Amino acid sequence: MTERDSSLQSQNPISQAQNSLEKVHNAVSQALSHPTAQLEEQAERAIQRAERAVENASLSFNQPAFEEVENGLRQEIEDLHSGTRS
């Protein structure tokens, strides 16, 4: 098995949602520190992708990990819409 194959196997729905959440965090941080329409739009798109990833992860049997990702996403959305980082 190649390293790439091993990496693909580790991409379960929870890890994909966690990766999406990290991208949302970065996009929201950028949008809050440099508030432009383009960065806000990028953050909203990242949120939409993460919402789909979280939805897929909701079928996971790892409920605590799912809840952590779901709560993190909610916090990022709240931060973006309130214009502040808590």
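Predicted model, so just to flag it, every value in this text is computed and none were measured.

## Here we look at the overall build of the protein
Secondary structure assignment for the protein yields 4 helices and 0 strands. Ordered by position from the N terminus, the helices and strands of the protein form the series α-α-α-α. Looking at the 86 residues of the protein, the share that counts as buried comes to 29%. The long-range share in the protein, meaning contacts at least 24 apart out of those at least 6 apart in sequence, stands at 63%. In the form shown here, the protein has an accessible surface area of approximately 5900 Å², with 48% of it arising from carbon and sulfur atoms.

## Points about the nonpolar core
As a rule of thumb, soluble globular proteins bury nonpolar side chains together. The biggest cluster of nonpolar side chains holds 20 residues, and the ones touching the most others in it are Val-24 and Leu-73. Counting only elements with at least two residues in this core, the list comes to helix 2 (13–33), helix 3 (37–57) and helix 4 (63–82). A total of 8 residues in this core trace back to one element, the largest contributor, which is helix 3.

## Here we look at the pattern of salt bridges
The full count for this structure, using the stated rule, is 2 salt bridges. A salt bridge links Arg-45 to Glu-41, with the shortest nitrogen-to-oxygen separation between them at 2.7 Å. Separated by 4 residues within a single helix, Arg-45 and Glu-41 lie in helix 3, roughly one turn from each other. When its relative accessible area of 36% is taken as the criterion, Arg-45 is described as partly exposed.

## Remarks on the environment of Asn-56
For Asn-56, the position within the fold is in helix 3. In sequence terms Asn-56 and Pro-13 are 43 residues apart; their C-alpha atoms lie 6.1 Å from each other.

## Description of the confidence of the model for the protein
Of the residues in the protein, 86% have a pLDDT of 70 or more, and the chain-wide mean is 86. For residues 1–6, every residue scores under 50 in pLDDT, and the model assigns this stretch 2 contacts once sequence neighbours within four places are set aside.

## A look at the packing of helix 3 against helix 4
Direction vectors running N to C along helix 3 and helix 4 enclose 160°, while the axes themselves pass 10 Å from each other. Our classification of the angle between helix 3 and helix 4 gives roughly antiparallel. When the axes of helix 3 and helix 4 are compared, the crossing they make is left-handed. The segment helix 3 lies against helix 4, with Ala-43, Glu-44, Ile-47, Ala-50, Glu-51, Val-54 and Ala-57 engaging Phe-66, Val-69, Glu-70, Leu-73, Ile-77, Leu-80 and His-81. Looking at the contact of helix 3 with helix 4 residue by residue, the classes come out as 10 nonpolar, 1 polar and 3 charged.

What counts, and where the lines are drawn
- Residues numbered from 1 in each chain as written.
- Predicted model: local features only at pLDDT ≥ 70, side-chain atom pairs only at ≥ 80, totals over all residues.
- Heavy atoms only, no water.
- Helix = DSSP H or I, 4+ residues; strand = E, 2+ residues; numbered from the N terminus.
- Buried < 20%, exposed > 50% of the residue type's maximum accessible area, 1.4 Å probe, protein only.
- Contact = heavy atoms within 4.5 Å.
- Areas by Shrake-Rupley, 256 points an atom, 1.4 Å probe, with all protein chains shown as cover.
- Core = buried A, V, L, I, M, F, W, Y, C linked by side-chain atoms within 4.5 Å.
- Salt bridge = Lys/Arg side-chain N within 4 Å of Asp/Glu carboxyl O.
- pLDDT = per-residue confidence, 0-100.
- Axes fitted to C-alpha atoms, helices over the stretch in contact; angles between N-to-C directions.
- Parallel < 35°, antiparallel > 145°, perpendicular 65-115°, else oblique.
- Left-handed = near helix turned anticlockwise from the far one by under 90°.
- Nonpolar A, V, L, I, M, F, W, Y, C, P; charged D, E, K, R; others polar.

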